[in-house]
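Coordinates in review
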Amino acid sequence: MPSPRALPIVAIVGRPNVGKSTLFNRYAGTRRALVEDTPGLTRDRIVEEVEVAGRRILVADTAGFDPDAERGLPGAVQAQARAAVAEADAILLVVDGAAGLLPEDERIGAELRRTDKPVALAVNKIDHPKHAERVHEFHALGFEPIEAVSAAHGIHVFDVLEALVERLPPDEAAPEEPGDAAALRVAVVGRPNVGKSSLVNRLVGSERMVVADEPGTTRDSVDLHLERDGERYVLVDTAGLRRTARRATGGEKGGALMAIRALERADVALLLVDAEEGATEQDARVAGMVMDRYRPAVIVANKWDRVGGEAGPDPERVREGIARRLRFLQDAPVVPVSARTGAGVGRLLGEARRLHEASTRSVPTADLNRWLEDATGRHQPALGQRGTTRRPIRFFYATQTGVSPPTFVLFCTDPRAVKEDYRRYLENRLREAFGFTGIPVRLRLRARRDGA
């Protein structure tokens, strides 16, 4: 099976308070990054998948790039920004057109000129055509393309991004991931100190990863190849994912983006939680990353040897707590294990293989349409509103358009009128009918009028 291809990453960099987060929000279409007129406010990179000229990319927001910062929090933030540059496929340098070219911009430019990656220059805060001449002095930085933009008003912001993306290798020419293309890629993810490296060591059967009690020991994503029962696997052990405010070092922050890339390249995720502690808010955030990338997941309840008995938590309550906290993972299987003793670990790769096979299943169109007729007949959608008239929503037919994740298109009279709870109803019935339990599915609604 071909390995999923990681999306190219464009890192937005620049000195503090030039408008990087405002620009990022323009690209993401949301206010995901905190924006305030205070230098150095952004403390962490935020990553968002966006579409530019028909191509999907990851845009990474970064903290202000200060070449002079070395110690303490400023130094950690700058290490994170440099990690973004190191991991990125292209770089969008943002400068402040109102402030003019400053020595800090020149030092950042000198650092970026040492990379062989594409760099584009966005001269921000050009809010009126009469300010366009401010761009000229920034040609001294030596980067092309250069574009006058206004992140606050959305002026020319996509022009410069499109020009940068055009300099990336085309998808079909991008280098393949190294390794065995026939192997099942399994990303091992979770917050720090839940036992990811210990689990990988147990699966591989040797001490291949550094294991320590210090959270965040793993700094990079590492691929390990193994064969089990005649099947080949690639395990990707990732740096622990933790809350933004608790990522103390640039290395940990860089690891978060690497974990996201690992999920993109993976077929299945093993999501580790600490069974003794129970599922936490941070576990839910990591689970959200898995869900956002439509990866099937096995929830691995590690440290199960500490559950039960006189001192440990009640096993049934632990299971209920995990199911409740991670309920949005669509009935993902929960496997209790102990990476320390090896108990339960033997089930994991088989579960991962089973989920992947289900995720690649194709449903015959005739069966799919019989299911649609039955599902809509059992529970009809609420009436749709067209002008002042409320009309029934009619579903006509369905077709499957992709696998991994299974993707289905349903044609109906008024897709916008279909409520979210009815969409969830259809997704749940689809999983039940065709064995997609625990598998994320994409359900897309398209318009077709009566008689069309």
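Residues numbered from 1 in each chain as written. Predicted model: local features only at pLDDT ≥ 70, side-chain atom pairs only at ≥ 80, totals over all residues. Heavy atoms only, no water.

1. Comments concerning helix H8 (residues 315-325)
Heads up, the rule is: Only protein chains enter the calculation, and the probe is 1.4 Å; a residue is then buried if its accessible area is under 20% of its type maximum, exposed if over 50%, and partly exposed in between. The numbering of helices and of strands both runs from the N terminus, where a helix is a DSSP run of H or I of at least 4 residues and a strand a run of E of at least 2. Working definition: the arc comes from the directions between the helix axis and the C-beta atoms, pointing outward to the latter. Pairs of residues are marked as contacts when any of their non-hydrogen atoms sit within 4.5 Å.
When we look at burial in H8, the residues that qualify are Val318, Gly321 and Ile322. All buried residues of H8 project into a common sector of 95 degrees when viewed along the axis, lining one side. Of the residues in H8, the exposed ones pointing more than 90 degrees away from the buried face are Arg317 and Arg324. Summarising the contacts, the buried residues of H8 are in contact with strand S10 (268-274), strand S11 (297-302) and strand S12 (334-336).

2. A word on empty space enclosed by the protein
The test is simple: Within this scheme a cavity is a closed region of a 1 Å grid, computed over the protein atoms alone, that accommodates a 1.4 Å probe without allowing it to escape, whereas a pocket is open but has protein on both sides within 12 Å along at least five of seven lines; lining residues each have an atom within 4 Å of a point. Grid points are joined across faces, edges and corners, and a volume is the space filled by probe spheres set on the points.
Counted by the stated rule, this structure contains two cavities of 30 Å³ or more. Counted as a void, the largest cavity has a volume near 40 Å³. Considering the residues around the largest cavity, the lining is formed by Met291, Arg295, Pro296, Ala297, Leu329, Gln330, Ala332, Gly438 and Pro440.

3. Details of the nonpolar core
Selection rule: Among the buried residues, those of types Ala, Val, Leu, Ile, Met, Phe, Trp, Tyr and Cys that are joined through side-chain atoms within 4.5 Å form a nonpolar core.
One finds Leu93, Leu112, Leu121, Val123, Ile322 and Leu326 to be the most contacted residues of the largest nonpolar core, which totals 49 residues. Element by element, the count of residues in this core is highest for helix H7 (residues 281-292), at five residues. Ignoring sequence-local partners within four residues, the contact set of Val123 consists of Val95, Gly97, Val135, Phe138, Ile146, Glu147, Ala148 and Val149.

4. Notes on the confidence of the model for the protein chain
As a note on interpretation, predicted positions should not be read in detail where pLDDT is low. The following threshold applies: Every residue is assigned a pLDDT by the predictor, reflecting its confidence on a scale from 0 to 100.
Overall, the prediction assigns the protein chain a mean pLDDT of 81, with 76% of residues at 70 or greater. When the criterion is pLDDT under 50, residues 172-178 qualifies, and its contacts beyond four places in sequence or with other chains add up to seven contacts. Counted against residues more than four places away or in other chains, residues 240-255, with its pLDDT under 50, gives 47 contacts.

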